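Fold and geometry: a report
Next come the chains, spelled out residue by residue.
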Amino acid sequence: MSTEASTEFQPATTDVELAITGMTCASCANRIERKLNKLDGVTATVNYATEKAKVSYPGTVSTDELLATVEAAGYAAALPTPPSSDPSTEPAVEATEADPLRQRLVVSALLSVPVIALGMVTAWQFTYWQWASLVLAAPVVVWGAWPFHRAAWTNLRHGATTMDTLVSVGVLAAFGWSLWALFLGTAGEPGMTHPFRISIDRTDGAGNIYLEAAAGVTTFLLAGRWLEHRSKRQAGAALRALMSLGARDVAVLRDGSEVRIPVDQLVVGDEFVVRPGEKVATDGVVTSGTSAVDASMLTGESVPVEVGPGDDVVGATVNAGGRLVVRATRVGADTQLAQMARLVEDAQNGKAEVQRLADRVSGVFVPVVIGLAVATLGFWLGAGGGATAAFTAAVAVLIIACPCALGLATPTALMVGTGRGAQLGILIKGPEVLESTRRVDTIVLDKTGTVTTGEMTVHSVVAADGESADDVRRLAAALESASEHPIGRAIAAASTPEDAPVGIGSEIRTPRPQVSPAEGFTNRAGLGVEGVVDGHAVVVGRPSLLADWSQPLPPELAEAVDRAQGEGFTAVAVGWDGRARGVIVVGDTVKPTSAEAVRELRALGLEPILLTGDNERAARHVAAQVGINGIVADVLPADKVAEVRRLQEMGLVVAMVGDGVNDAAALAQADLGLAMGTGTDVAIEASDLTLVRGDLRVAVDAIRLSRRTLGTIKGNLFWAFAYNVAALPLAAAGLLNPMLAGAAMAFSSVFVVTNSLRLRGFRSSI
């Protein structure tokens, strides 16, 4: 974003992503979010795990006001910086930023270990050991815990309490009590000893010190926070890896010579060279050269794709064969790679409904816990339990209650899950999508381009008695080579010197004859084409067109037409010199993996339904091949929406898989929309999940991964909530030592992050 954008009002609603610093827990994120959302027309979502705020603001609000609002809440914010020219360096930068925390942890741990050891083992408590503990513990409590104290004070000045408030109050209370006992009580006397206890004995407390609790809690919390930072960097590794796939520089053709420039200087229309082994710099169209392109890093498809002039190529794919010259069609943020990364990051910055609940709870949790700690202190004192028991129980309540795990439960699982999805060619648009995948019980599959390839191909050539199939194919292809109709192109393509099938559904191949040029080409709209090839007057099209030329189909060809139509194919009649000579059967082809995908969808508890605008016979033929029972045929785009709505009105939760513009409305209507990445931009925009590959089995992986991510989020939240609910009564009852409470609290956060990282091990079924 430019400097001017930060000072001038924007004419329309604008989105910006702010980098937030100073947050230490979920309550911090919740507080910033509330402050930003109080601005007129501003909608903000703050993510503690990514340390970013996604803000949508109107023209009446400037970015300066957004930054000032965050600062007024006690935190710092910055506008996004231009991306690094070498994204691979970002992890190193982050690691450097985390070093001060690691240094603080190491020093605190070295000082705390002897303090804890002396406090736990009575035999090691030499004369004046308590004063040695004070010397070692003081730097830990003051310098080591300084991030907690600073954050607590900053928030207190703004009338807020956060998780850091609990930590700071707990640590300072334990340290302050120890100072009182050492200087004003009996704990400082030579030869004083006391054993390490989990449960609390009722004494006057004047001879007890809690330096091991103060130092130990600080060290455990620093360790937990450092592990959280480290784990968050690992969780975002998939997104960084995605961004680092692109090429760094490119050889552009300028006045016939090659000039190497940084890839960010490419503009649409530039022609650039891709040599064998190099990455394609950006999305484009091949203008010259042929090669095989390895797109496995984007699509997961292991087999390289053959490309030639006129074929589209995607940036970041690898040229595995010959030299290519490519004309750039999309650059920068418009490329498929950039769009993938943006979708992944948007999903990571979002919040599921379950996380919003956790944020609301953590926002009111701190004052409630402080009140509970005061009540615990008063209860123990009033019950005659003694100052030590009362104080220790109150401090344990403060420490055990810190629900940092709540703030990490959803973001870390989303980061890892969406990052792993991107690696597998699955783009999850937002966290709310995860809830839909759990509830879906019906999946509607568009036929063309989803279950089938969506491309017309020649399936068979049937010649009349006494005629040659090669002549039928050759003459028809010569005439159709001048046609722009998809069926005509399929017939023309079948005549090139490659292999072609010769029976309906057959995989037997035979060489194709040479094509001759056509003369006097005439297109009869909706019926077929006419022309002269090698001196023959050729007619290719509907049987009715041949009938107009007094060329009725003989019985064997009429039977071939009926059989082809019964199997969902299109029969094209071919005649010349006054007679019908043959039939060419053309049609879409079922993808070889569709049947397996349908079986796997059923295994997930989903009932598939085939939805198509084709006739019912064609639909039934395809459905029988892949094992689908439910069929809805002869539907218009608007009817697709109505059919999805009808299923929803029956109480079903519907997912829809499609790839075309005509599927976009149905994808938006469905409870869960899945778009093939090989489809149109409109379909992709309307969907919730985008499948980069055109393989229906990826839809199975998408639902499996989404359900597993949601399960991980719920497991994390259950652990965090259950932990606090179970531990608070124990602490209030005086059954937990403050140091053990701090260790357990830190462990809960580490557990949540580690549990989320298990999603990195998700494996595709393909």
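Note that this is a predicted model, so its numbers are computed, not measured.

What follows deals with the packing of aromatic side chains. Applying the stated criterion to the full structure yields one aromatic pair. When the ring of Trp131 is compared with that of Phe183, the centres are 5.3 Å apart and the planes differ by 80 degrees; the resulting orientation is edge-to-face. In this pair, Trp131 sits in helix 4 (residues 129-144) while Phe183 sits in helix 6 (residues 163-183), placing the two residues 52 residues apart along the sequence. Judged by relative accessible area, which is 54%, Phe183 ranks as exposed. The ring of Trp143 has Arg104 lying over it, and the distance from NZ or CZ to the ring centre is 4.8 Å.

With that settled, consider the environment of Ala618. With respect to the secondary-structure elements, Ala618 resides in helix 21 (residues 616-626). Its relative accessible area of 5% is what places Ala618 among the buried residues. Sequence spacing of Ala618 and Phe569 is 49 residues, and the spatial spacing of their C-alpha atoms is 6.8 Å.

Attention now moves to the environment of Met23. Mapped onto the elements, Met23 comes out in the loop between strand 1 (14-21) and helix 1 (26-37). Accessibility expressed as a relative area gives 8% for Met23, which makes it buried. It is 9.9 Å that separates the C-alpha atoms of Met23 and Asn47, two residues lying 24 residues apart in sequence.

Those residues carrying the UniProt feature "transmembrane region" (unreviewed entry) are residues 105-122, 128-146, 166-187, 207-227, 361-383, 389-410, 716-733 and 739-757 in this numbering. A helix fraction of 89% and a strand fraction of 0% characterise residues 105-122, whose end C-alpha atoms lie 26 Å from each other. End-to-end, the C-alpha atoms of residues 128-146 are 27 Å apart, and along that stretch the chain is 89% helix and 0% strand.

Cut-offs applied
- Residues numbered from 1 in each chain as written.
- Predicted model: local features only at pLDDT ≥ 70, side-chain atom pairs only at ≥ 80, totals over all residues.
- Heavy atoms only, no water.
- Phe/Tyr/Trp six-rings, centres within 6.5 Å; stacked < 30°, edge-to-face > 60°.
- Helix = DSSP H or I, 4+ residues; strand = E, 2+ residues; numbered from the N terminus.
- Buried < 20%, exposed > 50% of the residue type's maximum accessible area, 1.4 Å probe, protein only.
- Lys NZ or Arg CZ within 6 Å of the ring centre and 35° of its normal.
- UniProt positions renumbered as here; feature names shortened; annotations may be inferred.

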